[in-house]
Number of protein chains: 2
Amino acid sequence: MDVADDIARDVRSGVFAPGMWLKQIDLEQRYGCGRTEVRRALDYLAQKRLVQHVPNRGYHVFLPDGDRAAHILELRVILETAAVDSVIAQSTAAEIERIRGLARQFDEAILNGTILDQYEANLAFHRGLLGLCPNPELLNLVTELRGRTSSALAGQWSTRARVEQSSREHHDMVDALAAGDAERLRDVIATHIRQPQRK
Amino acid sequence: MDVADDIARDVRSGVFAPGMWLKQIDLEQRYGCGRTEVRRALDYLAQKRLVQHVPNRGYHVFLPDGDRAAHILELRVILETAAVDSVIAQSTAAEIERIRGLARQFDEAILNGTILDQYEANLAFHRGLLGLCPNPELLNLVTELRGRTSSALAGQWSTRARVEQSSREHHDMVDALAAGDAERLRDVIATHIRQPQRK
DNA sequence: GTGCATCATATTGGCACCAATTTTGGCAAA
DNA sequence: TTTGCCAAAATTGGTGCCAATATGATGCAC
């Protein structure tokens, strides 16, 4: 699903505004592919709830729904804090350093990268952390959940203060992980995930 | 997605054995629909991981993977036990009676229903219980996770002892809910979900 | 008799066309 | 000026056809 990823990226980066109708002909030309592939990609994204399908009308970018986003963030809190114990159990010095490196790459993206770079670096950090959990399905699921709410993130991530706080929290997580402090790691993760929903 | 549901039902009920190749022409004739609809349904089911897509080869029903099933069951334990507190908080006498009724309908399905009836009744019970949770996305997610492992269930549910134990556990859950005993409800739910993976 | 290359067959996957439905623009009437 | 209606344009969704690809069988060489 290559075209689907392209569309998803453009949705996340704000090229396609929330609520905007995605005409199949436009997508066909924009990505240089056939109608079949466009339809398949749109169906895929509709199932991932990034776009919404209205029969005989077409597909439009999902409108950000504050309640739904909050609910999905709560699911992420549940899953990611539930993984903490096994993450700490599986962590080695080398792994901790690798994750610290990912936190630093996020800092780097804040300084010199685009919004999308920051998004990717943040994703890489969280994937690196959750990757220690011996349940690979948990990582898959959290990644999928993240994809369901990210369309609204473009605006949320815009302030510098917020991304810098995210950076601090990343390093807090690594420190808590290195200290083997499960309780603190859970707290930091919970506040970190819930952060974007502050009004 | 009507055809997709039909195919899913046939996969769950064992008409299509695990690993079996699903030829588009056969499905087209079996369900009396066009190729387009078959392809959409197969793509949909591939994303739900009920079938697997191999380019230029086709789609075959997912082979049961013990490790993956166990991992997904653990995710269900995490999510469904995490919902317990809010479920108890939201429960009223009327709701508890309604859920007890669903447990009785499962008993009824054991006596007089097919395997598929039992599956549906079990699903209805769990949906009824989780429906009390104020986070609707949690119910959606658990339902989806349940769908990801059910292809292997046909064999697991075959013994009478097992379904009867499931029935007892359902009633235990209702009792714990009525008593407001969160700890016990969590325990019962956890053992109930993990039950099928006993070797 | 066995292994390998080749060819026939069956199946998938994309493309172009066509029908069905919705939206848009214009026109007339109140 | 506004409102309702009708026609035209645009867009979606489905059907049929054809190329690309994998599979299995056949025949040939060793």
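Because the structure is a prediction, the values reported are computed rather than measured.

A.B. asks: Go over the protein's contact with DNA strand C with me, naming the residues and quoting the values.
C.D. replies: With respect to spatial proximity, 15 residues lie near DNA strand C, and among them R57(A), K23(B), Q24(B), R39(B) and H53(B) are the closest. Among all atoms of DNA strand C positioned within 4 Å of the protein, those belonging to sugar or phosphate total 64%. One nitrogen or oxygen atom from the side chain of R57(A) is found 2.7 Å from a phosphate oxygen belonging to DNA strand C. Here a phosphate oxygen of DNA strand C and a side-chain polar atom of K23(B) are 3.1 Å apart. Across the surface near DNA strand C, the residue classes tally to 3 nonpolar, 7 polar and 5 charged.

A.B. asks: So what's going on with the domain arrangement of chain A? Residues and values would help.
C.D. replies: Residue and element names in this part refer to chain A. You can read the domains of chain A as domain 1 (2-61) and domain 2 (66-197). Each of domain 1 and domain 2 has a C-alpha centre, and the two are 28 Å apart. Residue-level contacts link 7 residues of domain 1 with 8 residues of domain 2. Considering only the side of domain 1, the residues that lose the most area to domain 2 are R12, K48 and R49, jointly responsible for 63% of the buried surface there.

A.B. asks: Outline the pattern of salt bridges, supporting the account with residue identities and numerical values.
C.D. replies: Oppositely charged side chains can pair when the atoms bearing their charge come close. Going through the model one piece at a time under the given rule, you end up with 29 salt bridges over all chains. For the salt bridge of R9(A) with D6(A), the shortest nitrogen-to-oxygen distance reads 2.8 Å. One end of the pair is R9(A) and the other is D6(A), both in helix α1 (residues 2-12) and 3 residues apart, which spans about a single turn. Given the relative accessible area of 22%, D6(A) is considered partly exposed. For the salt bridge of R40(B) with D43(A), the shortest nitrogen-to-oxygen distance reads 3.4 Å. In this pair, R40(B) sits in helix α3 (residues 35-47) while D43(A) sits in helix α3 (residues 35-47), so the two residues belong to two different chains. Overall, R40(B) belongs to the partly exposed group, its relative accessible area being 29%. Overlapping salt bridges, with partners in common, bring together E144(A), R148(A), E144(B) and R148(B) in one network.

The rules we used
- Residues numbered from 1 in each chain as written.
- Chains lettered and ligands numbered in written order.
- Predicted model: local features only at pLDDT ≥ 70, side-chain atom pairs only at ≥ 80, totals over all residues.
- Heavy atoms only, no water.
- Near = heavy atom within 4 Å.
- Polar contact = N/O pair within 3.5 Å; in protein donor to acceptor, adjacent residues only side chain to side chain.
- Nonpolar A, V, L, I, M, F, W, Y, C, P; charged D, E, K, R; others polar.
- Domains from an automatic or database assignment.
- Contact = heavy atoms within 4.5 Å.
- Buried area = accessible area lost by both parts, 1.4 Å probe.
- Salt bridge = Lys/Arg side-chain N within 4 Å of Asp/Glu carboxyl O.
- Helix = DSSP H or I, 4+ residues; strand = E, 2+ residues; numbered from the N terminus.
- Buried < 20%, exposed > 50% of the residue type's maximum accessible area, 1.4 Å probe, protein only.

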